[in-house]
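# Working through the structure, step by step
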Amino acid sequence: MKPAQEIREFLLDKAKQITEEWYASLDKNDPSGVYSTTDPHAIELLKKQNYEFHLQFCELFVKEESVFLKDLEQWIIQVAKDEQHLNTPMHFIVREFFRTRDQYFQFLGEFFSAHRSAFPQENVDLWNQRVSRGIDSVVIWFMEEHHKFSVKRLQCQQEMINELSSPVITLNRGTGLLPLVGDIDTARAKLILEKTLEQCAEKRVDCLFIDLSGVIMIDTMVAQQLFHLVEALGLIGVKTTLSGIRPELAQTAVQLGLNFDKLSIASTLSHAMAASEM
């Protein structure tokens, strides 16, 4: 058997042991993340992922590095997008890759000690270097995928928050309420315009109250977007009443030269609703 094949077989035989020793020595006091879990199913999955990594990583000794990495792609992507790992700080994950690298150095040391006459030190150093490069390549790739999935998840969460933060609430037949709360930047203002038009059409709203009393800050671009929203709603037959306009928003609108003449405005939401019932 070729030396590379011998090393591969030796490490494959040790794969289960490597996983168990790794988990046993794991610092389970991390403040958060997959390594501190006490859920038996999560622990079982974590060990399974670790064991599967060793089955793949042992191929480093018998395959070209590029081929080895390509074959490891599925494992990297699967674990990088795993919810438990996405909730784990990246520096904890990198730490465990480096601990795994040290395990390989340890087991390779055992193998070479048992075959001292067959492997000159120069070859031993080359194999250790190959393991080190392999782990480094995996870490970099894993970090890239982990970051990509983390960003994607954050974007999805932000989209959900934006949708939930601009709901059109049906009050009664044909009447709706859009309560706006918090800071509104240009991106959110654009989303509010799009979602409000869609929801008013879907819910057949013909009278909409837009309450701004919960909006703390607003800039000129956002003020323009709100006026565009009112104009767009008018084009689809929705009568709009603004309520709760703060002095800051009123001042911004005046500075922009925006015309209030065609807008229905009330000081508070209750006043707006009372006026509509007259």
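Residues numbered from 1 in each chain as written. Predicted model: local features only at pLDDT ≥ 70, side-chain atom pairs only at ≥ 80, totals over all residues. Heavy atoms only, no water.

## Comments concerning the overall build of the protein
- The secondary structure content of the protein amounts to 11 helices and 5 strands.
- Here the C-alpha atoms of the protein give a radius of gyration of 30 Å, more than 25% beyond the 19 Å that 2.2 N^0.38 yields for 278 residues.
- With the C-alpha coordinates aligned to their principal axes, the bounding extent of the protein is approximately 100 × 35 × 30 Å.
- Classification of the 278 residues of the protein by burial places 42% in the buried group.
- A total accessible area of about 15600 Å² is found for the protein, and carbon and sulfur atoms account for 55% of it. (Helix = DSSP H or I, 4+ residues; strand = E, 2+ residues; numbered from the N terminus. Rg over C-alpha atoms; globule rule 2.2 N^0.38 Å. Buried < 20%, exposed > 50% of the residue type's maximum accessible area, 1.4 Å probe, protein only. Areas by Shrake-Rupley, 256 points an atom, 1.4 Å probe, with all protein chains shown as cover.)

## Remarks on helix 8 (residues 186-202)
- Between its terminal C-alpha atoms helix 8 stretches 24 Å, which fits the 24 Å expected from 17 residues at 1.5 Å a residue.
- Residues Arg188, Ala189, Leu191, Ile192, Leu193, Lys195, Thr196, Gln199 and Cys200 constitute the buried set of helix 8.
- Of the residues trailing helix 8, arginine 204 is marked for its positive phi of about 55°. (Expected span 1.5 Å × (residues − 1).)

## A short note on the nonpolar core
- In terms of nonpolar packing, the biggest core is built from 44 residues, with Leu11 and Phe53 touching the most fellow members.
- Those elements that place two or more of their residues in this core are helix 1 (3-24), helix 2 (40-57), helix 3 (65-71), helix 4 (73-80), helix 6 (90-114) and helix 7 (121-164).
- Once you skip the residues sitting within four places of it in the chain, leucine 11 turns out to touch Ile18, Cys58, Phe61, Tyr104, Phe107 and Leu108. (Core = buried A, V, L, I, M, F, W, Y, C linked by side-chain atoms within 4.5 Å. Contact = heavy atoms within 4.5 Å.)

## Considering the environment of phenylalanine 107
- Note on placement: phenylalanine 107 falls in helix 6.
- Taking the C-alpha atoms as reference, phenylalanine 107 lies 46 Å from glutamine 158; in sequence the two are 51 residues apart.

## Some words on helix 1
- Along its 22 residues, helix 1 runs 30 Å from first to last C-alpha, staying within 8% of the 32 Å computed at 1.5 Å per residue.
- In the structure, helix 1 departs most strongly from a straight axis at lysine 14, where the bend amounts to approximately 50°. (Bend = angle between axes of the 7 residues up to and from the residue.)

## Thoughts on the pattern of salt bridges
- Throughout the structure, instances matching the rule amount to 13 salt bridges.
- The partner of lysine 63 in a salt bridge is aspartate 71, and the shortest N-O contact between them spans 2.6 Å.
- For lysine 63, a relative accessible area of 26% translates into the label partly exposed.
- By relative accessible area, aspartate 71 is classed as partly exposed at 35%.
- A salt bridge links arginine 153 to glutamate 83, with the shortest nitrogen-to-oxygen separation between them at 2.7 Å. With arginine 153 in helix 7 and glutamate 83 in helix 5 (residues 83-86), this residue pair connects regions lying 70 residues apart in the sequence. (Salt bridge = Lys/Arg side-chain N within 4 Å of Asp/Glu carboxyl O.)

## Some thoughts on the state of the cysteines
- Tallied over the full model, the rule gives 0 disulfides.
- Cysteine 207 carries a free sulfur, and the closest cysteine sulfur to it, the one in cysteine 200, is 10.0 Å from it.
- Take cysteine 207: its relative accessible area is 15%, and that puts it in the buried class. (Disulfide = S-S within 2.5 Å.)

## Quick look at the sheet that holds strand 5 (residues 264-266)
- Spatially, 5 strands are ordered 1-2-3-4-5 in an open sheet, and the strand pairing comes out mixed. Every interior strand has two partners, whereas the edge strands, strand 1 (169-172) and strand 5, have only one. Taken over all neighbouring pairs, the strand axes of this sheet differ in orientation by 25° on average, direction set aside.
- By the bridge criterion, 6 bridges tie strand 2 (residues 175-181) to strand 3 (residues 207-214) in an arrangement that is parallel. Each bridged residue has a counterpart across the sheet, and for leucine 178 the counterpart in strand 3 is isoleucine 210.
- Helix 9 (residues 220-235) rests against strand 2, strand 3 and strand 4 (239-243) of the sheet, and its axis sits at about 170° to strand 3. (Pairing = 2+ DSSP bridges. Axes fitted to C-alpha atoms, helices over the stretch in contact; angles between N-to-C directions.)

## Side note on the pairing of strand 3
- The element strand 3 is largely enclosed, with a buried count of 6 among its 8 residues.
- Since strand 2 and strand 3 lie parallel, the crossover through helix 8 that links them has a hand, and here it is right-handed.
- Pairing of strand 3 with strand 4 involves 5 bridges; the strand directions are parallel. For isoleucine 210, the partnering residue across the bridge sits in strand 4 and is leucine 242. (Right-handed = clockwise from strand over helix to strand, strands pointing away.)

## Topic: the packing of aromatic side chains
- Within the structure shown, the criterion is met by 13 aromatic pairs.
- On the basis of an interplanar angle of 50° and a centroid distance of 5.2 Å, the ring pair of phenylalanine 10 and phenylalanine 111 is categorised as tilted. Here phenylalanine 111 lies in helix 6 and phenylalanine 10 lies in helix 1, a separation of 101 residues in the sequence.
- Both rings, one in phenylalanine 57 and one in phenylalanine 68, keep their centres 5.5 Å apart while their planes meet at 80°; by these two values the pair is edge-to-face. With phenylalanine 57 in helix 2 and phenylalanine 68 in helix 3, the pair connects residues that are 11 residues apart, well separated along the chain.
- On the basis of relative accessibility, which here comes to 0%, the residue phenylalanine 57 falls in the buried class.
- These aromatic residues form a ring-pair network of at least three members: Phe53, Phe57, Phe68, Trp75, Phe97, Tyr104 and Phe142.
- Its end group placed over the ring of tyrosine 51, lysine 16 keeps NZ or CZ at 4.2 Å from the ring centre.
- Between lysine 148 and the ring centre of phenylalanine 149, over which it is positioned, the NZ or CZ distance is 5.5 Å. (Phe/Tyr/Trp six-rings, centres within 6.5 Å; stacked < 30°, edge-to-face > 60°. Lys NZ or Arg CZ within 6 Å of the ring centre and 35° of its normal.)

Honestly, it's all geometry; don't read function into it.
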